[in-house]
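One letter stands for each residue in the lines below.
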Amino acid sequence: MRARLLALVLLLLLAGCSSGGTRDDGRITLRFQSLAWQEESVEANKALVKEWNATHPDVRVEYVQGTWDSVHDQLLTAFEGGEAPDIIHDASDDLADFAYGGYLADLTDLLPARLKSDIPQRSWATTTFGDGVYGVPFLQEPRVLIANARWLRQSGVRIPTPEKPWSWAEFRRITEHLSGQGKYGIAWPLKEPVSATLNLSLSAGGQLFHRGADGKVTVRFGMADQVVPRTIHEQVGTDRSASPTTLGSGGSDTLPGFFGGRYAMVPLGFSYRQQIVQQAPKGFDWQVLPAPAGAGGLTQGVSPQTLSVAEDCPHKKEAAAFIDFLLRPPNMVRLALGDWMLPTGTRALGDPALRTSEHGWATGAALAGHLRPAPAQTVRGYPEWKDKVATPALQEYYSGAIGLGELRERLEEDGNLVLARYQR
């Protein structure tokens, strides 16, 4: 009797740890971990799960609320413990180690032709590792300049457009022109400086990571890679056109000073517009401007939000079918509006709701065709390189603690030692 009881307890424990399965009545249950956090986005995701369940009685999806905080470590623990959700919401720059580690399913033969053709190849490149596709890129956001429109108009500076953007040199001159008497032309929130620096550097022709014929990646901090960090460094230390106190801040931390007239512009991700709409004082006049362009034009690196399927998921076909449902063009529009981001899908991006001039949607949509995979997209060991090498080195450079030569030495020499451990 006691042995039977122990066996029953063990069975129940195993069932509780399963990422998904089939009930006694034959109905499949899939767990979908979403990282949506804005109220509108959470509502959109939950509504779509509810709509799926109402029309697919044999395949029920359970909504699981996740968080962007430490998602990499959380997923790694779940994978190793056999408790990963079936359908996984993440970002493409977090997938490489999971894909190469065998934790994610190859979706190449699971996705419908409609979805494959609707999302451009440049977006699929962000989730392709080796010969497999390990996620569906569905939301993306360019970095833009959020500007105090009245301040810029009164200053008489040329207002950039996606057709005629500022160059990096012109941008530096304009921020200096806008500064003085305790006010700054720009406030760079660089608490997390790596992705902002690398992704914007594509506009100047930067690349930083170079893959050789043997498939191994090395870091080379060339002249093109130096344009953006040098511009920021000079704005802070030479021109006094960038606030030194915001370098350690997150994007949200700069908004009170922006609303208070301390900074003329703040470079932010496109989705920050929602916070601005919610928090800006009544009558505050703001607008969305494209980031500066260089030798690479308006090109920017992005790491789209993604949907993947766990390799351990026992119902991969059904999980892929749910992803297809979630990303039908009208649904993709709902998700984009909820997150204040841009959809990767061509049909969704053409929706009039995402082409309006209100809140800068049209400016963002005009930048979509210039978005490319982030430079570190397929680099194994990037999280460690970013945390242990690049973040502290860039923070010290921007604050003036080290010069450009030492920055280059640390990014290349220290960085290549880290990456080499992942490429043996």
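Provided above is the structure to which this section pertains.
Rules used throughout
- Residues numbered from 1 in each chain as written.
- Predicted model: local features only at pLDDT ≥ 70, side-chain atom pairs only at ≥ 80, totals over all residues.
- Heavy atoms only, no water.
- Helix = DSSP H or I, 4+ residues; strand = E, 2+ residues; numbered from the N terminus.
- Rg over C-alpha atoms; globule rule 2.2 N^0.38 Å.
- Buried < 20%, exposed > 50% of the residue type's maximum accessible area, 1.4 Å probe, protein only.
- 1 Å grid on protein atoms, 1.4 Å probe; cavity = no way out; pocket = protein on both sides within 12 Å on 5 of 7 lines; lining within 4 Å.
- Points joined across faces, edges and corners; volume = space filled by probe spheres on them.
- Nonpolar A, V, L, I, M, F, W, Y, C, P; charged D, E, K, R; others polar.
- Contact = heavy atoms within 4.5 Å.
- Pairing = 2+ DSSP bridges.
- Axes fitted to C-alpha atoms, helices over the stretch in contact; angles between N-to-C directions.
- Core = buried A, V, L, I, M, F, W, Y, C linked by side-chain atoms within 4.5 Å.
- Arc of directions from axis to C-beta.

*Asks:* Help me understand the overall build of the chain, please; the structure alone is not making it clear to me.
*Replies:* When its secondary structure is counted, the chain shows 18 helices and 17 strands. Relative to its length of 424 residues, the chain is compact, with a C-alpha radius of gyration of 23 Å against a globular reference of 22 Å. In terms of principal-axis extent, the alpha carbons of the chain reach across some 80 × 50 × 40 Å. Split into buried and exposed, the 424 residues of the chain put 53% on the buried side.

*Asks:* Quick question: what am I supposed to make of empty space enclosed by the protein here?
*Replies:* Remark: the empty space left among the atoms is shown by a probe the size of a water molecule rolled over them. If you walk through the whole model with that rule in mind, you get 6 cavities of 30 Å³ or more. Of the pockets and cavities examined, the largest cavity occupies roughly 80 Å³. What lines the largest cavity is simply Thr197, Leu198, Ser201, Gly206, Gln207, Leu208, Phe221, Asp225, Pro375, Leu394 and Leu411. Each residue belonging to the lining of the largest cavity can be placed in one class, and the counts come to 6 nonpolar, 4 polar and 1 charged. Roughly 60 Å³ of internal volume is contained in the second largest cavity.

*Asks:* Help me understand the layout of surface pockets, please; the structure alone is not making it clear to me.
*Replies:* Considered as a void within the structure, the second largest pocket measures approximately 150 Å³ in volume. Along its surface, the second largest pocket is lined by 13 residues, and Gln287, Val288, Ser357, Gly360 and Thr363 are the ones closest to its centre. Broken down by element, the residue count for the lining of the second largest pocket peaks at 5 residues, all from strand β13 (residues 286-290). Considered class by class, the residues forming the lining of the second largest pocket number 7 nonpolar, 6 polar and no charged.

*Asks:* What should I look at first to understand the side chain of Asp97 in this one?
*Replies:* In this structure, Asp97 sits in helix α4 (residues 96-100). Once you skip the residues sitting within four places of it in the chain, Asp97 turns out to touch His72, Arg380, Gly381 and Pro383.

*Asks:* Even after reading the chapter, I still don't get the sheet that holds strand β8 (residues 143-148), so can you show me in this structure?
*Replies:* Two pairing modes exist for strands in a sheet, parallel and antiparallel, and in both the strands are linked by backbone hydrogen bonds. Strand order in the open sheet formed by 4 strands is β9-β12-β8-β13, and the pairing between neighbours is mixed. The open sheet has two edge strands, β9 (184-186) and β13, and neither has a second partner. Neighbour-to-neighbour, the strand axes of the sheet open up by a mean angle of 30 degrees, direction not taken into account. Pairing geometry for β8 and β13, over 5 bridges, is antiparallel. Each bridged residue has a counterpart across the sheet, and for Ala147 the counterpart in β13 is Gln287.

*Asks:* How do you make sense of the nonpolar core when you look at a structure like this?
*Replies:* One broad trend across soluble globular proteins is that nonpolar side chains are buried collectively. By size, the foremost hydrophobic cluster in this structure holds 63 residues, and its most contacted members are Leu30, Phe32, Val136, Ile146, Phe322, Leu326 and Leu327. When near neighbours in sequence (up to four residues on either side) are disregarded, Phe322 contacts Phe32, Val49, Trp52, Val61 and Ile87.

*Asks:* It is not clear to me how unusual backbone geometry should be interpreted in this structure. Could you clarify?
*Replies:* For residues other than glycine, phi is negative in most cases, and the peptide bonds are mostly trans. Positive phi, normally seen in glycine, also occurs at Leu208, with a value near 65 degrees. Assignment of secondary structure puts Leu208 in the loop between α9 (193-201) and β10 (209-211). With a relative accessible area of 5%, Leu208 lands in the buried category. The phi angle at Trp340 is positive, at roughly 55 degrees, despite the residue not being glycine. By secondary structure assignment, the location of Trp340 is in the loop between α14 (329-339) and β16 (342-343). Relative accessible area serves as the criterion here: at 9%, Trp340 is assigned to the buried category.

*Asks:* I tried to follow helix α3 (residues 71-80) on my own but got confused; where do I start?
*Replies:* Because each turn of an α-helix spans 3.6 residues, side chains separated by three or four positions in sequence point in the same direction. Along α3, the residues classified as buried are Val71, Leu75, Ala78 and Phe79. One face of α3 carries all of its buried residues, which in axial projection span an arc of 100 degrees. Facing away from the buried side of α3, by more than 90 degrees, are the exposed residues Thr77 and Glu80. Buried positions along α3 lie against β2 (28-34), β4 (87-91) and α4. Taken from the residues just after α3, Gly82 is the one with a positive phi, measuring 70 degrees.

So yeah, pure geometry; function would need other evidence.
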